[in-house]
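Survey of secondary and tertiary structure
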Amino acid sequence: MSEKEFLLTKEGYNKLEEELEFLKTVRRKEVADKIKVARGFGDLSENAEYDEAKNEQAQVEDRILVLEHMLINAKIIEESEIKTDAVGAGSTIILKDLSDGEVEEYTIVGSAESDPFNGKISNESPVGQACLGMKKGDTVTVVTNGGTFNYEIMEIKR
């Protein structure tokens, strides 16, 4: 079975590396210290602080494993590979909503880096999927749980 490839910009890759480093060097120690303090409170079978610290430790370790997996299987979207003739991963697109004329700008990124509130949408999202391979001037129809939307691709840039 092949591993899922995680598309990331160089910036996104670096952020995940920083998070991993922080979890390994700072959070692990903080949680270990919490566990040590909680052990001092006595009977571990009825020690809520100890249980909470152990749960926090499990969450930190799980996140470390996820990040390591993502970084090992990352494919960095190189700036030189981003085309402006058709939408692809790494493209920044300007879309015009054909129902109300509202214009929105998004960068198509991999799911691991998706942040819609900051204009980064996943290539696996409804809008991202609908736009992949499309060209400037094309109309795309996006079907979501919230309804069907039509957009015109106004511009594609790096």
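Here's what I pulled together on the structure shown here. (Residues numbered from 1 in each chain as written. Predicted model: local features only at pLDDT ≥ 70, side-chain atom pairs only at ≥ 80, totals over all residues. Heavy atoms only, no water.)

Below, the discussion takes up the sheet that holds strand β6 (residues 139-144). Across the sheet, which stays open at both edges, the five strands sit in the order β5-β4-β3-β7-β6 with mixed pairing between neighbours. Bordering the open sheet on either side are β5 (120-122) and β6, each of which pairs with just one other strand. Going from strand to strand, the sheet's axes swing by 45° on average, the running direction of each strand aside. Pairing analysis gives six bridges linking strand β3 (residues 92-97) to strand β7 (residues 147-157), with the strands arranged antiparallel. Bridge pairing links L95 to I153 in β7. (Pairing = 2+ DSSP bridges. Helix = DSSP H or I, 4+ residues; strand = E, 2+ residues; numbered from the N terminus. Axes fitted to C-alpha atoms, helices over the stretch in contact; angles between N-to-C directions.)

Before going further, it helps to examine the pattern of salt bridges. Scanning the model with the defined rule gives 13 salt bridges in all. Residue E19 is joined to R63 by a salt bridge in which the shortest nitrogen-to-oxygen separation is 2.8 Å. Of this pair, E19 sits in helix α1 (residues 10-39) while R63 is found in helix α2 (residues 48-72), placing the two residues 44 residues apart along the sequence. When its relative accessible area of 32% is taken as the criterion, R63 is described as partly exposed. Notably, a salt bridge pairs E113 with K120, separated by 3.8 Å at the nearest N-O pair. As far as burial versus exposure is concerned, E113 and K120 are alike and both buried. Salt bridges here are not isolated pairs; linked through shared partners, they connect E11, K15, E113 and K120. (Salt bridge = Lys/Arg side-chain N within 4 Å of Asp/Glu carboxyl O. Buried < 20%, exposed > 50% of the residue type's maximum accessible area, 1.4 Å probe, protein only.)

What is shown is where atoms sit, not what they do.
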